[in-house]
Amino acid sequence: MAAQSRIIAVLGPTNTGKTTYAIERMLGHRTGVIGLPLRLLAREVYDRIVAIRGPSVVALVTGEERIVPPRTQYWVCTVEAMPQGMGADFLAVDEIQLCADPERGHVFTERLLSARGQHETLFMGADTMRGPIQSLIPDVQFVARERMSQLAYSGPKNISRMRPRSAIVGFSVENVYAIAELIRRQKGGAAVVMGALSPRTRNAQVEMYQNGDVDFLVATDAIGMGLNLDIDHVAFSSLSKFDGQRMRPLMANELAQIAGRAGRGMKPGTFGVTGEAPALHDELARAITEHRFQPVGKLQWRNPKLQMGRLDALIASLEQPSHDDRLVKSREADDLRVLKTLACEAEVVARASDAQSVQLLWDVCRVPDFRGISNSEHANLLEGIFNYLHESGRIPDDWLARQIKRIDRVEGDIDTLSKRLAFIRTWTYVAQRSGWTNDENHWRSQTRAVEDRLSDALHERLTQRFVDRRTSVLLRRLKQKEALLAEVNDKGEVTVEGEFVGRLEGFRFSQDKSASGNEEKTLRAASVAALTPHFHLRADRFYNAPDTEIDFTEQGGLMWGEYAVGKLVAGPEALKPQVQAFVDDEAGADVIEKVTRRLQHFIDRKIALHMEPLLNLQRDKELSGMARGFGFRLVEALGLVARSDVAEDVKALDQDARGALRKHGIRFGQFTIFMPLLLKPAPTRLRLVLWSLAAGHQEFPESPPPGLVTVPSDEHAPAGYHLMSGYRAAGARAIRIDMLERLADMLRSEDSRGGFEGKADMLSITGMTLEQFADLMQGLGYNAVKGEREKVKTAPAVKPEETAKVADATADAPETSAEEASKDDAPKEATPPEMEVFYTFTWGRARQQKHADSRPRKQGGAPKGKGKPRGKPQGGNKAQNFSARPPKAEKKIDPDNPFAAALMGLAKK
């Protein structure tokens with residue numbers, strides 16, 4: 001121990017902040033160890049330190065749990081599991097008054113006498129330990145801590161009149177269950193906390209009480225050991241307990257340790273008696289409230305210097321009496337009792353023949369008797385473990401698996417599950433011993449998983465038996481004072497204290513329609529009050545949600561998954577819409593503001609992503625003059641404008657201005673001036689919503705399905721809809737703007753005055769039939785004249801080898817008789833020719849003027865194209881068709897010519 005090391009005893013009653021003080025002191029050092037009396041309390045302190053320093057430097061070590069990171073600086077342990085001789089800078093032991101406890105006292109005494117930190121040692125506990133500590137540690141410094149709140153005695157009170165946030169204390173399982181059943185009937189339910197429960201079950205029951213699920217706690221004296229609970233009143237149902245050997249009355253300091261759990265922080269607390277417990281004498285009540293108790297006289301002690309050479313020497317060293325009058329030899333503990341039992345077994349004695357074997361036997365004997373059945377049964381179990389470890393160095397996997405499998409069942413009542421939990425805790429402890437199993441990590445996880453399942457099942461049974469949710473909810477509603485517990489499942493269904501009350505749709509509560517009258521008002525008030533924390537939690541989750549979880553509808557709604565959480569409203573500009581959040585007023589201004597801000601961030605980012613070309617055009621400071629004005633107009637039009645609407649502006653643009661605009665991706669088409677990137681489905685969908693908002697439409701038109709070149713024209717759509725959707729209406733159908741410009745490029749090469757027929761490429765890019773194409777062309781300002789003609793079939797080609805075969809067959813054929821020749825010369829019935837429909841298109845100015853929205857690029861004239869603009873077009877009145885023209889008639893080959901087939905083949909070459 002370093003010369004500058006100091007030892008401090010921080011003494012005082014409950015609720016003085018001793019444990020918090022120890023944590024602060026430990027974190028002021030580089031390394032530290034703190035020992036606590038309960039595994040549950042150790043976990044609570046571990047969680048507090050992890051929240052401050054993170055999990056990578058904090059260890060948790062108990063008999064049944066071991067979390068040790070590689071870079072551990074701070075160790076949180078049960079007192080029995082504190083590591084020895086590690087030389088930490090700081091060391092603390094809590095509840096040091098347990099040095100006088102008949103069962104565990106010798107462990108605390110040993111820590112008091114020998115456990116030290118390199119720089120600082122802290123012992124926390126009751127002031128009754130001042131005398132023994134000062135006597136045993138002469139250089140100790142004392143720090144007195146005063147209780148932060150007042151504690152008052154309130155006398156006897158019936159359970160039926162017990163106020164909420166009360167704890168009723170019993171000292172047997174039967175007594176605790178009886179009280180819990182009575183409270184369930186009269187008060188709606190109670191949580192149960194006993195030392196025999198697993199930490200996980202105790203945590204779940206405590207959480208149920210702490211969260212307000214129930215207003216009452218029924219417990220044994222286990223709550224007196226450092227557990228911080230929100231208790232206003234403690235009532236004793238008995239003033240005596242069984243200490244393992246006999247029934248005895250509780251001493252004043254023991255009563256004070258439990259009563260002190262009432263009132264936390266600066267909040268005052270009260271204590272009293274209930275049931276069959278007699279009222280406290282005035283002197284005893286004053287001693288508890290004034291914290292005046294009989295000082296501890298002697299401490300429990302057991303020789304820590306054990307002799308491991310022989311089995312009898314080990315037992316003798318454990319039974320060695322103290323030579324200090326201040327230390328009294330502790331009564332025989334479970335580990336010594338089972339060691340004596342095994343020392344009578346011949347096989348065990350034969351195996352424990354050297355120091356290493358004796359040490360192993362002693363380690364096995366220290367496995368706690370969680371089951372509490374009998375000493376002989378516990379000894380039989382430990383004998384089997386010792387034999388396996390001594391023989392093979394490990395406990396066999398198959399044997400351990402069988403032990404665990406017998407316990408891993410969650411059916412049964414409270415007592416059955418409690419026994420199984422006690423059994424599995426034994427194997428949880430065994431799995432934590434280093435080197436006892438082949439795969440420590442596997443068995444630790446296996447035993448912990450079984451313990452967790454049994455703990456959850458026991459918590460469920462306790463809740464089913466001792467909590468009547470319906471009664472509890474009814475009482476709360478009548479009082480309208482207590483905070484209600486609300487739950488919201490993944491379907492949005494809201495339950496208050498387990499009762500269905502409605503649905504939470506986004507941030508709006510839809511109440512159950514079955515309620516009416518006063519019940520409806522009460523239900524609404526209770527539900528909204530209970531949902532307040534859920535509103536805040538949901539708002540936090542929504543604010544941190546990625547944009548992929550949020551979307552806008554084509555009607556301007558804003559969705560979070562399946563829930564509507566707001567809508568878009570018109571802003572100062574088309575590209576700057578605002579949002580209106582759908583949030584209940586009861587959720588509070590903070591929630592409304594947070595949801596609104598998140599929605600505004602979402603839509604601003606959507607516009608920045610899909611309307612990037614427009615925003616870049618708007619922000620371009622290098623544009624000037626006519627180019628800047630034209631760019632401003634295009635931004636106002638959301639990137640699409642009919643050329644006919646800006647014809648004069650386009651004429652006024654010089655080549656430099658056009659070049660500057662083309663750098664932004666602007667295309668000057670014959671029919672439309674647009675940005676091709678804005679014709680994609682996502683920008684189109686957003687553009688229609690922004691346009692509808694700016695135009696003030698009550699019902700927004702929807703965007704066409706993506707990928708279609710033409711769509712049916714909508715006669716009832718508002719003016720400008722087709723343009724904003726990226727199409728141009730022409731007849732019964734509307735054609736996509738970019739495909740229309742491709743068509744216009746094809747039409748420039750045609751004789752629009754003399755007339756032309758549609759080509760296959762024209763039909764291909766529009767995906768139309770000939771009739772649909774004719775209607776489209778008329779919608780664009782062309783005249784379409786329908787005609788019909790004989791369809792010319794192209795003769796199939798004949799291969800040379802087939803021609804030769806035909807010639808050979810003709811040469812070998814017999815001469816045709818006169819009768820057969822007369823049959824061939826007989827007149828045959830004529831087959832009508834197959835006809836086809838075609839259209840001839842010419843520019844129709846008169847029609848074009850009737851359709852102002854379909855004006856071509858060139859004002860006052862036909863679209864420019866090749867061919868002779870005046871006179872008769874080449875080829876007569878018939879223009880070229882997309883199909884082959886009728887071939888010129890040729891002289892037919894006489895079929896009777898024996899060389900007809902050969903000549904026909906040559907003609908085709």
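Structure's up top.
Summary of the structure given here.

Here is what the cut-offs are and how they apply
- Residues numbered from 1 in each chain as written.
- Predicted model: local features only at pLDDT ≥ 70, side-chain atom pairs only at ≥ 80, totals over all residues.
- Heavy atoms only, no water.
- Pairing = 2+ DSSP bridges.
- Helix = DSSP H or I, 4+ residues; strand = E, 2+ residues; numbered from the N terminus.
- Axes fitted to C-alpha atoms, helices over the stretch in contact; angles between N-to-C directions.
- Contact = heavy atoms within 4.5 Å.
- Parallel < 35°, antiparallel > 145°, perpendicular 65-115°, else oblique.
- Left-handed = near helix turned anticlockwise from the far one by under 90°.
- Nonpolar A, V, L, I, M, F, W, Y, C, P; charged D, E, K, R; others polar.
- Buried < 20%, exposed > 50% of the residue type's maximum accessible area, 1.4 Å probe, protein only.
- Polar contact = N/O pair within 3.5 Å; in protein donor to acceptor, adjacent residues only side chain to side chain.
- Phe/Tyr/Trp six-rings, centres within 6.5 Å; stacked < 30°, edge-to-face > 60°.
- Lys NZ or Arg CZ within 6 Å of the ring centre and 35° of its normal.
- Core = buried A, V, L, I, M, F, W, Y, C linked by side-chain atoms within 4.5 Å.
- Salt bridge = Lys/Arg side-chain N within 4 Å of Asp/Glu carboxyl O.
- Expected span 1.5 Å × (residues − 1).

Considerations on the sheet that holds strand E11 (residues 191-193)
In spatial order, the strands read E9-E16-E13-E10-E12-E11; together these six strands make up an open sheet with parallel pairing. Every other strand in the sheet has two partners, leaving strand E9 (151-156) and E11 as the edge strands with one partner each. Strand-to-strand twist in this sheet, taken as the mean axis angle between neighbours without regard to direction, amounts to 20°. With three bridges joining them, E11 and strand E12 (residues 216-219) adopt parallel strand pairing. Bridge assignment links Ala191 to a residue of E12, and that residue is Leu217. Lying over the sheet, helix H5 (residues 173-187) contacts strand E10 (166-169), E11 and E12, oriented at roughly 165° with respect to E12. Running over the sheet, helix H7 (residues 252-259) touches E9, E10, strand E13 (233-236) and strand E16 (269-273) and is turned about 140° from E13.

Focus: the packing of helix H9 (residues 311-318) against helix H12 (residues 355-365)
Packing of H9 against H12 leaves a shortest axis separation of 10 Å and a crossing angle of 50°. Taken as axis vectors, H9 and H12 run oblique relative to one another. Note on packing geometry: the crossing formed by H9 with H12 is right-handed. Where H9 abuts H12, its residues Leu311, Leu314 and Leu318 lie against Val358, Leu361 and Trp362. Looking at the contact of H9 with H12 residue by residue, the classes come out as six nonpolar, no polar and no charged.

As for the pairing of E13
The side-chain alternation of E13 yields two buried faces, one formed by His233 and Ala235 and the other by Val234 and Phe236. Pairing analysis gives four bridges linking E10 to E13, with the strands arranged parallel. From the neighbouring strand, Val169 faces E13, where its bridge partner is Phe236. Where E13 lies against E16, four bridges are found, and the strand directions are parallel. Following the sheet pairing, Phe236 is matched in E16 by Val273.

Section: the side chain of Thr16
Tracing the chain through its elements places Thr16 in the loop between strand E1 (6-11) and helix H1 (18-27). The buried category is assigned to Thr16, whose relative accessible area is 2%. Only 3.2 Å separates the side chain of Thr16 from the backbone oxygen of Pro13, close enough to count as a polar contact. At 3.0 Å, the side chain of Thr16 forms a polar contact with the side chain of Lys18. When sequence neighbours within four positions are dropped, the list of residues in contact with Thr16 reads Arg145, Glu146, Arg147 and Met148.

Some thoughts on the packing of aromatic side chains
Evaluation of the coordinates by the stated rule reveals 14 aromatic pairs. Judged by centre distance (5.7 Å) and plane angle (70°), the rings of Phe507 and Phe542 are edge-to-face. Linking Phe507 in the loop between strand E21 (499-505) and strand E22 (508-511) with Phe542 in helix H18 (residues 517-543), this pair joins segments that are 35 residues apart in sequence. For the pair Phe507 and Phe542, one class covers both residues: buried. Over the ring of Tyr429 we find Arg433, and its NZ or CZ is 4.1 Å from the ring centre. Here the guanidinium or amino end of Arg789 rests over the ring plane of Phe838, the centre of that ring lying 4.0 Å away.

A word on the packing of helix H10 (residues 334-342) against H12
At a minimum axis separation of 9 Å, H10 and H12 run at an interaxial angle of 130°. With respect to H12, the element H10 is oriented oblique. Helix-helix and strand crossings are classified by hand; for H10 and H12 the assignment is right-handed. The segment H10 lies against H12, with Asp335, Leu336, Val338, Leu339 and Leu342 engaging Leu361, Trp362 and Cys365. Classifying every residue of the contact of H10 with H12 by side-chain character gives seven nonpolar, no polar and one charged.

Some words on the pairing of E21
Both faces of the sheet carry side chains from a regular strand, because those side chains alternate between them. Of the strand pairs in this sheet, strand E20 (residues 493-496) and E21 are connected by four bridges, and their pairing is antiparallel. By the bridge assignment, Thr495 is partnered in E21 with Phe500. As paired strands, E21 and E22 are joined by four bridges and run antiparallel to one another. Of the residues in E22, the one forming a bridge with Arg503 is Ser510. Hairpin connection of E21 to E22: two residues between the antiparallel strands, including Gly506 at a positive phi of 70°.

Focus on the nonpolar core
Counting residues in each nonpolar core, the largest one holds 66 residues, and the members touching the most others are Phe507, Leu575, Val595, Leu599 and Leu661. When sequence neighbours within four positions are dropped, the list of residues in contact with Phe507 reads Phe535, Arg538, Ala539, Phe542, Trp560, Val565, Phe582, Val583, Asp584, Val591 and Val595. Judged by nonpolar contacts, the second largest core, of 60 residues, contains Ile315, Leu381, Leu421 and Tyr429.

With respect to the pattern of salt bridges
In total, this model carries 51 salt bridges according to the counting rule given. Here Arg43 and Glu65 are joined by a salt bridge, their closest N and O atoms 2.6 Å apart. Of this pair, Arg43 sits in helix H2 (residues 39-53) while Glu65 sits in the loop between strand E3 (58-61) and strand E4 (66-67), placing them 22 residues apart in sequence. We classify Arg43 as partly exposed; its relative accessible area is 27%. The salt bridge involving Asp312 is made with Arg310; its shortest N-O contact spans 3.1 Å.

Remarks on helix H13 (residues 375-392)
The end-to-end C-alpha distance of H13 is 26 Å, a good match for the 26 Å that 18 residues give at a rise of 1.5 Å each. Looking only at H13, the buried set comprises His378, Ala379, Leu381, Leu382, Glu383, Ile385, Phe386, Asn387 and Leu389. Buried positions along H13 lie against H10, helix H11 (346-351), H12, helix H14 (397-407) and helix H15 (414-432). Just downstream of H13 lies Gly393, where phi reads positive at about 80°.

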